[in-house]
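Topology and contacts: notes
Each chain, written out:
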Amino acid sequence: MQAIFPEQLASSLQQRIPPVILLFGDELLLQHDCDEIIRHTLSQHLSSAPEYQRWRADAEFDWSQLSQQQQSMSLFGSFTVLDIELPEAKPGKPGSDALVDYIKQPNADQLLILKGPRLKKEQLNSRWFKALAAAALQVKIFTPKRSQLPRFIMQRAQRHQLKLSQTAAELLSNWFEGNLFALEQEFIKWSLLPNPPLIDEDQIYERVADSSQFDVFGLQDSIAAQDLSQAIHRLERLLDNDVELNILNWMLQREVQIISQLYLNGQHGLDSQAVFKQFAVWSSQQPAYSARANAHCENTIKQMIALAERIERAIKGERDEPVDVLLYHLVVLLSSPQLPASISQQLGVFSHVESDFWRHF
């Protein structure tokens, strides 16, 4: 299987149209780019516009359609594109069988495109994926990392003949992280303005709203990186988008439990491997967790435990307290173990609930 990145797709297709193209990844904007590149390339290579068959292969999808389409001729005798979305990247046994059969004798007048979210190890080792490996072109679609976003956004603006200031690119990185499709819409609107000026922070504040999107694991990444401003921004966006509080609470409680138990083990000279095993912490993450636990003091550990308990009770309706305020305080403590004492004391106002867990100190 040939594996390339989106920016290499156009040149690769100029050399050869493969029987199968795999577009798997979590960045919808880049997946859309690949769709447009394929469409444009086919229009250049074919004498007439291709016929498209688009299917969403959910649990009710009839995979026999793939076999039927493979064996049939196009209604107009033209090239056919079979565009199949796998929303879970799991075709199931019927789909796996159909894909394996398809690739054994692909139709020369057809292109099969499979698309969906980022593939995990189990999918990469699946029967259907391995069967496609020899003939398919795989496009690796990765979401740009936060550190890469300003440069990515500057390049994206240039595609629309727009100019951004560096501070504008940084601001847009914060506001559109996790939602680059919305950023593309903003660029399209800006590009329609007559003689669009250099886009700076003032124009962004005037014209654009924060549209960044995250899941709770994005917040967890910020906490792990000890990036306080990023963690606060991501928590704010989660709350604005009505995150499921029980899921958010589960993640934060897990962080508190790991850090507090590692801290206790360190104080008593105990091995930490039992903690890592209990919470299924990957070996690559273990040094960072240990370093974060060692950076805390007894007082902040107590505050975090108390805050976690109050959040739990507030979500359940057992206490009439502002859940969002408690969440912000807990995220600050988790993300900044070396807070100045004055700030730590202010946060401690929210951390006076007694805990049975404290008896271990």
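Described in the following lines is the structure provided in the data block.

**Some points on the overall build of the chain**
- Secondary structure assignment for the chain yields 18 helices and six strands.
- Oriented by its inertia axes, the alpha-carbon framework of the chain measures out at about 75 × 55 × 35 Å.
- The buried share of the chain, reckoned over its 361 residues, is 47%.
- For the chain, contacts bridging at least 24 residues in sequence account for 76% of all contacts bridging at least 6.
- Roughly 19200 Å² of accessible area belongs to the chain as shown, and the carbon and sulfur atoms make up 50% of that amount.
- Within the chain, one finds 33 positive and 44 negative side-chain charges whose respective centroids are separated by 6 Å.

**Remarks on the packing of helix α13 (residues 245–267) against helix α15 (residues 286–295)**
- Orientation of α13 relative to α15, taken along the N-to-C sense of each, is 70 degrees, at an axis distance of 8 Å. Considered as vectors, α13 and α15 are oriented roughly perpendicular to each other. In this structure, α13 uses Arg254, Glu255, Ile258, Ile259, Leu262 and Tyr263 to contact α15, whose residues at the interface are Tyr289, Ser290, Arg292 and Ala293.
- Class assignment for the residues of the contact of α13 with α15 results in six nonpolar, one polar and three charged.

**Examining the pattern of salt bridges**
- By the definition in use, this model includes 21 salt bridges.
- Linking Lys104 and Asp101 is a salt bridge whose minimum nitrogen-to-oxygen distance equals 3.8 Å. One end of the pair, Lys104, and the other, Asp101, are both in helix α4 (residues 92–104), three residues apart, so they sit about a helical turn from each other.
- The class of Lys104 is exposed, set by a relative accessible area of 62%.
- When the shortest N-O distance is used, the salt bridge between Glu177 and Arg146 registers 3.8 Å. With Glu177 in the loop between α8 (166–176) and α9 (180–191) and Arg146 in the loop between β6 (136–140) and α7 (149–159), this pair connects stretches of sequence that are 31 residues apart. Both residues of the pair, Glu177 and Arg146, belong to the buried class.
- Taken together, the salt bridges that share partners define one network made up of Asp33, Arg156, Arg159 and Glu184.

**With respect to helix α16 (residues 298–315)**
- Under the 1.5 Å per step criterion, the end-to-end length of α16 is 26 Å for 18 residues, consistent within 8% with the ideal 26 Å.
- Within the span of α16, buried status applies to Thr300, Ile301, Gln303, Met304, Ile305, Ala306, Leu307, Ala308, Arg310, Ile311 and Ala314.
- Directly after α16, the chain includes Gly317, whose backbone phi takes a positive value near 85 degrees.

**Thoughts on the environment of Gly269**
- Along the polypeptide, Gly269 turns up in the loop between α13 and α14 (273–278).
- A relative accessible area of 67% means that Gly269 is categorised as exposed.
- Linking Gly269 and Leu333, residues 64 residues apart in sequence, is a C-alpha distance of 24 Å.

**So, unusual backbone geometry**
- At Gln226, a position not held by glycine, the phi torsion is positive, near 60 degrees.
- Locating Gln226 in the fold gives a position in the loop between α11 (216–224) and α12 (228–240).

**A word on the sheet that holds β6**
- Across the sheet, six strands lie side by side as β1-β6-β2-β5-β4-β3; this open sheet has parallel pairing. Each edge of the open sheet is held by one strand with a lone partner, namely β1 (2–4) and β3 (51–56). Direction aside, neighbouring strands of the sheet carry axes that sit 20 degrees apart on average.
- Where strand β2 (residues 20–24) lies against strand β5 (residues 110–116), five bridges are found, and the strand directions are parallel. Paired with Phe24 across the bridge in β5 is Gly116.
- Strands in contact with α4 are β2, β4 (80–85) and β5; relative to β5, the strand with the most contacts, it is inclined by about 150 degrees.

**Concerning the packing of aromatic side chains**
- Inspection of the entire model under this criterion finds eight aromatic pairs.
- Plain terms: the ring middles of Phe5 and Phe142 are 6.2 Å apart, the flat faces sit at 55 degrees to each other, and that makes the pair tilted. Taken as a pair, Phe5 in the loop between β1 and α1 (9–15) and Phe142 in the loop between β6 and α7 lie far apart in primary sequence, 137 residues in all.
- Of the residues examined, Phe5 reaches a relative accessible area of 36% and is grouped as partly exposed.
- With a centroid separation of 6.4 Å and 75 degrees between ring planes, the pair formed by Phe217 and Trp250 is classed as edge-to-face. Taken as a pair, Phe217 in helix α11 and Trp250 in helix α13 lie far apart in primary sequence, 33 residues in all.

**Details of the pairing of β5**
- Of all seven residues in β5, seven are buried; the element is thus mostly enclosed.
- In β5, alternate side chains face the same way, and those of Gln110, Leu112, Leu114 and Gly116 on one face and Leu111, Ile113 and Lys115 on the other are all buried.
- As judged from the six bridges shared by β4 and β5, these two strands associate in the parallel manner. Note that in β5 the partner of Asp83 across the bridge is Ile113.
- In terms of handedness, the path from β4 via α4 over to β5 forms a crossover that is right-handed.

Thresholds, definitions, all that
Residues numbered from 1 in each chain as written. Predicted model: local features only at pLDDT ≥ 70, side-chain atom pairs only at ≥ 80, totals over all residues. Heavy atoms only, no water. Helix = DSSP H or I, 4+ residues; strand = E, 2+ residues; numbered from the N terminus. Buried < 20%, exposed > 50% of the residue type's maximum accessible area, 1.4 Å probe, protein only. Contact = heavy atoms within 4.5 Å. Areas by Shrake-Rupley, 256 points an atom, 1.4 Å probe, with all protein chains shown as cover. Lys, Arg positive; Asp, Glu negative; His and termini not counted. Charge placed at Lys NZ, Arg CZ, Asp CG, Glu CD. Axes fitted to C-alpha atoms, helices over the stretch in contact; angles between N-to-C directions. Parallel < 35°, antiparallel > 145°, perpendicular 65-115°, else oblique. Nonpolar A, V, L, I, M, F, W, Y, C, P; charged D, E, K, R; others polar. Salt bridge = Lys/Arg side-chain N within 4 Å of Asp/Glu carboxyl O. Expected span 1.5 Å × (residues − 1). Pairing = 2+ DSSP bridges. Phe/Tyr/Trp six-rings, centres within 6.5 Å; stacked < 30°, edge-to-face > 60°. Right-handed = clockwise from strand over helix to strand, strands pointing away.

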